[in-house]
Amino acid sequence: MVRVYVAELTGWRKQGLPAEAAAALSAERRDRWERQKGHSGALQSAAAELLLRRALREQEIPLPVPWLWERTEGGKPFVQGLTGITFNLSHSGRYVVCALAREPVGVDVQMIPDRERCATVRRFCREEMQEVEEAENPAEAFCRIWTAKEAYLKMRGTGLRRPLDSFRINPDGCVEDPPGTQTDCRVTWLPVWPGRRDAALAVCARERCRDTAVFWKEEELLPHNSHML
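In every chain, residue numbers begin from 1 and rise along the written sequence. For this predicted model, a pLDDT threshold of at least 70 governs which residues receive local features, and a threshold of 80 or more governs which side-chain atom pairs are given and counted, while totals over whole chains, interfaces and linings are taken from all residues. By convention in this description, side-chain values take in all heavy atoms of the structure and omit both hydrogens and water.

## Structural notes on the pattern of salt bridges
For step 1, the next point in the chain: By definition, a salt bridge exists where a carboxyl oxygen of Asp or Glu is found within 4 Å of a side-chain nitrogen of Lys or Arg. Applying the stated criterion across every chain yields a total of 14 salt bridges.
For step 2, the next point in the chain: Note that Asp177 is salt-bridged to Arg162, the shortest N-O span being 2.8 Å. Highlighted residues: Asp177 in the loop between β8 (174-176) and β9 (182-190) and Arg162 in the loop between α6 (138-156) and β7 (168-169), separated in sequence by 15 residues.
For step 3, the next point in the chain: In this structure Asp177 comes out as buried when scored by relative accessible area, which is 17%.
For step 4, the next point in the chain: A salt bridge links Glu176 to Arg168; the nearest nitrogen and oxygen atoms lie 4.0 Å apart. The pair Glu176 / Arg168 is uniform in exposure class, with both members buried. The secondary structure listing takes helices from DSSP runs of H or I that are at least 4 residues long and strands from runs of E that are at least 2 residues long, numbered from the N terminus. Think of it in three bands: with a 1.4 Å probe and only protein chains considered, a residue is buried below 20% of the maximum accessible area for its type, exposed above 50%, and partly exposed in between.

Given below as structure tokens:
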């Protein structure tokens, strides 16, 4: 079963990554953080690794030593020596997300954009464009489809290299690839945080997904709170 974990970044976005957290990172992401401390992407990338480590320990999965990041030919990241489990990471704004599964999985989170930023909808399938145009909240509908499409492509390990109208996400989460041909992949949309609707969160896998995520505050990612080391 797919399990999803969400961390919220609040104080770290203003004060930066605590030294204790930076020391727990792999050499690659710690170096990036040291070089790009002023960039939100470096913080989110570092927090994503901390979240992954915490999630693995939560599932009692041994952490590889040393921790070495690698990428597939399609650009999908993986950790050398991590066996028996697959993962995918995403981040947007104050949210960092991790999905764990036994088979390939993709996850995507996106802050709900302004309506003006939804021009990408023209790249969707005709039925998806209609769904956005007729929605009570077009920006939310757009983000729901966008995250589903990205989660599917990340599960497949291709990233956004394919035309977005070459496959379709049905409102019930079934994936058609190409449109009209149903696959065994399914998208599940989850609340990004209890009581909030400021972002969309989608998970794509062949396995069943739990209907709620596990939510952690940033301080719960620290080594002394998560026993990562």
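What follows picks up the thread again.
## Side note on the environment of Gly180
For step 1, the next point in the chain: Among the structural elements, Gly180 can be located in the loop between β8 and β9.
For step 2, the next point in the chain: Residues Gly180 and Phe167 lie 13 residues apart in sequence; the distance between their C-alpha atoms is 8.6 Å.

## Some thoughts on the sheet that holds strand β11 (residues 214-217)
For step 1, the next point in the chain: In space, the four strands of this open sheet follow the order β4-β5-β1-β11, with mixed pairing throughout. Of all strands in the sheet, those with a lone pairing partner are β4 (86-92) and β11, marking the two edges. Taking each pair of neighbouring strands and ignoring which way they run, the sheet shows an average axis angle of 20 degrees.
For step 2, the next point in the chain: Whether two strands pair depends on DSSP finding at least two bridges between them. As paired elements, strand β1 (residues 3-8) and strand β5 (residues 95-101) share six bridges and run antiparallel to each other. Directly across from Tyr5, in β5, lies its bridge partner Cys98. Here, axes are lines fitted to C-alpha atoms. For helices the fit covers the stretch in contact, and angles between N-to-C directions go from 0 to 180 degrees.

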